[in-house]
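Letter by letter, the chains look like this.
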Amino acid sequence: MPRLSTSTWSLHRTLGITYPDSPAASPRRSEPTYGAGTFTLLDIPAKLAAMGIYTLEICHFHLPKEDTVYLREVRSALDSAGVQLFSLLIDDGDITDPTHSARDQRWISEWLDVAGVLGAQCARVIAGKQDPTPQTLEKSRRGLSELASHAAGHNVRLMTENWFNLLSTPTHVRDLLGRLDGQVGLCADFGNWKGASKYDDLAQIFPLAESCHAKCTFNAPNTPDRHDYIRCLDLTRAAGFSGPYTLIYDGPDNDEWTGIRQEMEMVQPYL
């Protein structure tokens, strides 16, 4: 059934601290990217449940530790609040990189292990950052197929997204997923595509979507672009979408909770 969800990306100012990690990085350390923050990741599940949101996605760089003890603490906080961890969002790595694809594949696999310990239903990875060519699409297919098998060993469903150069058009999204024969699911993001063809392009991929990042543009503090958001939501309904609507807030106002509530209000009729 369609349901409300949100991502820790929508609460990056609330969390404040990030823990950047990439395949090429030296050992990571905490960074006050958005200040000290007002809550930790362990606080978030209960806060969301109090708002009536019982599904969450976690960005990999919001996890301060990868050791099993801490990951079980996160899982316990989720269970105590009755919040499902729908997806771990693995926000780096390029399995189509001409030089470092094997390195990045290993790095993503390690984060899939983390998704398994967390009890995530899914993990979303980047299909590739290179321009789409027959060669890069085939390289992505092979890499995603291997990652999907690895994820399945942890009872995790592998997902990708209409994001970065490789999947910058609906044709390439449909082509790549078609070659994977259902091994990999799709998260469709409202905000990743722009321009005059945006709605036609999204309409072509929403029938494939198992989840969506329902990102609303805010033209000013507390001023959502309702026309654009409702038009995207209407496309999900026309496609028979039944996955979680993950509310993505990235507006100019630092009050992220209010921004999420404004998005909730607009999404509610679609649940």
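Residues numbered from 1 in each chain as written. Predicted model: local features only at pLDDT ≥ 70, side-chain atom pairs only at ≥ 80, totals over all residues. Heavy atoms only, no water.

(A) Representation of the overall build of the protein in the model. Assigned secondary structure in the protein consists of nine helices and 10 strands. Taking 18 Å as the expected radius of gyration for a compact globule of 271 residues, we find that the protein reaches 18 Å, a close match to that expectation. Seen through its principal axes, the protein has C-alpha atoms that stretch 45 × 45 × 30 Å. Counting the 271 residues in the protein, one finds 53% classified as buried. Long-range pairs, those at least 24 residues apart, make up 78% of the contacts in the protein between residues at least 6 apart in sequence. Of the accessible surface of the protein, which amounts to about 11300 Å², a share of 49% is contributed by carbon and sulfur atoms. (Helix = DSSP H or I, 4+ residues; strand = E, 2+ residues; numbered from the N terminus. Rg over C-alpha atoms; globule rule 2.2 N^0.38 Å. Buried < 20%, exposed > 50% of the residue type's maximum accessible area, 1.4 Å probe, protein only. Contact = heavy atoms within 4.5 Å. Areas by Shrake-Rupley, 256 points an atom, 1.4 Å probe, with all protein chains shown as cover.)

(B) The nonpolar core, seen in detail. In terms of nonpolar packing, the biggest core is built from 74 residues, with Leu63, Leu88, Ile90, Leu144, Leu158 and Tyr229 touching the most fellow members. Here this core takes seven residues from helix 4 (residues 101-118), the largest share from any one element. Leave out the neighbours within four places in its chain, and Leu88 touches Ile58, Cys59, His60, Leu63, Trp111, Val114, Ala115, Leu118, Ala120, Cys122, Ala123 and Arg124. (Core = buried A, V, L, I, M, F, W, Y, C linked by side-chain atoms within 4.5 Å.)

(C) Up close: the layout of surface pockets. For the largest pocket, the calculated volume is near 360 Å³. Trp9, Cys59, Phe61, Asp91 and Trp163 are, among the 22 residues lining the largest pocket, the residues nearest its centre. Estimated volume of the second largest pocket: approximately 150 Å³. A breakdown of the residues in the lining of the second largest pocket according to their chemical character gives eight nonpolar, two polar and no charged. (1 Å grid on protein atoms, 1.4 Å probe; cavity = no way out; pocket = protein on both sides within 12 Å on 5 of 7 lines; lining within 4 Å. Points joined across faces, edges and corners; volume = space filled by probe spheres on them. Nonpolar A, V, L, I, M, F, W, Y, C, P; charged D, E, K, R; others polar.)

(D) Region of the structure containing the pattern of salt bridges. According to the stated counting rule, one finds 14 salt bridges in the structure shown. In this structure, Lys129 engages Asp92 in a salt bridge whose closest nitrogen and oxygen atoms are separated by 3.2 Å. With a gap of 37 residues between them, Lys129 in the loop between strand 4 (122-124) and helix 5 (134-152) and Asp92 in the loop between strand 3 (84-89) and helix 4 connect regions that are remote in the sequence. Asp250 is the partner of Lys215 in a salt bridge, and the nearest nitrogen-oxygen pair spans 4.0 Å. With Lys215 in strand 7 (residues 209-215) and Asp250 in the loop between strand 10 (244-248) and helix 9 (256-267), this residue pair connects regions lying 35 residues apart in the sequence. For Lys215, a relative accessible area of 28% puts it in the partly exposed group. When salt bridges with common partners are traced through the structure, they connect Glu138, Arg141, Arg142, Asp175 and Arg179 into a single cluster. (Salt bridge = Lys/Arg side-chain N within 4 Å of Asp/Glu carboxyl O.)

(E) Up close: the sheet that holds strand 7. Taken in spatial order, the eight strands close into a barrel running 1-2-3-4-5-6-7-10, and their pairing is parallel. Between one strand axis and the next, the sheet turns by 30 degrees as a mean value, whatever way the strands run. Pairing analysis gives three bridges linking strand 5 (residues 157-161) to strand 6 (residues 185-189), with the strands arranged parallel. By the bridge assignment for strand 6, Thr160 is matched with Leu186. (Pairing = 2+ DSSP bridges. Axes fitted to C-alpha atoms, helices over the stretch in contact; angles between N-to-C directions.)

(F) Inspection of helix 7 (residues 198-205) at higher detail. Residues Lys198, Tyr199, Asp201, Leu202 and Ile205 constitute the buried set of helix 7. Each buried residue of helix 7 sits inside an arc of 160 degrees when the element is viewed along its axis, so together they form one side. Looking at the packing, one finds that the buried side of helix 7 touches helix 6 (170-179), strand 6, strand 7 and helix 8 (226-238). (Arc of directions from axis to C-beta.)

(G) Focus on the side chain of Thr246. Within the fold, Thr246 resides in strand 10. On the accessibility criterion, Thr246 (0% relative accessible area) is buried. A polar contact of 3.1 Å, which involves the side chain of Thr246, links it to the side chain of Ser5. (Polar contact = N/O pair within 3.5 Å; in protein donor to acceptor, adjacent residues only side chain to side chain.)

(H) Inspection of the environment of His100 at higher detail. Mapped onto the elements of the fold, His100 is located in the loop between strand 3 and helix 4. Looking at His100, the relative accessible area reads 34%, which means it is partly exposed. C-alpha of His100 to C-alpha of Ala24: the two residues are 76 residues apart in sequence and 9.0 Å apart in space.

(I) Highlighting the pairing of strand 1 (residues 3-7). Buried residues dominate strand 1, accounting for four of its five residues. One ladder, built from two bridges, connects strand 1 with strand 2 (residues 55-59); its direction is parallel. Its bridge partner lying in strand 2, Thr6 is registered against Leu56.

(J) Just the packing of aromatic side chains, in detail. Here the structure, examined in full by the defined rule, presents eight aromatic pairs. Ring geometry for Phe218 versus Tyr249: centroids 4.9 Å apart, planes at 85 degrees, classification edge-to-face. Remark: Tyr249 occurs in the loop between strand 10 and helix 9 and Phe218 occurs in strand 8 (residues 218-220); sequence separation between them is 31 residues. Tyr249 carries the same exposure label as Phe218, and that label is buried. Ring pairing ties together the aromatic residues Phe190, Phe206 and Tyr229, which thus form one cluster. Across the ring face of Trp257, the terminal group of Lys47 is positioned such that the distance to the ring centre comes to 5.4 Å. For Lys129, the ring lying beneath its charged end belongs to Phe164, and the centroid distance is 5.0 Å. (Phe/Tyr/Trp six-rings, centres within 6.5 Å; stacked < 30°, edge-to-face > 60°. Lys NZ or Arg CZ within 6 Å of the ring centre and 35° of its normal.)

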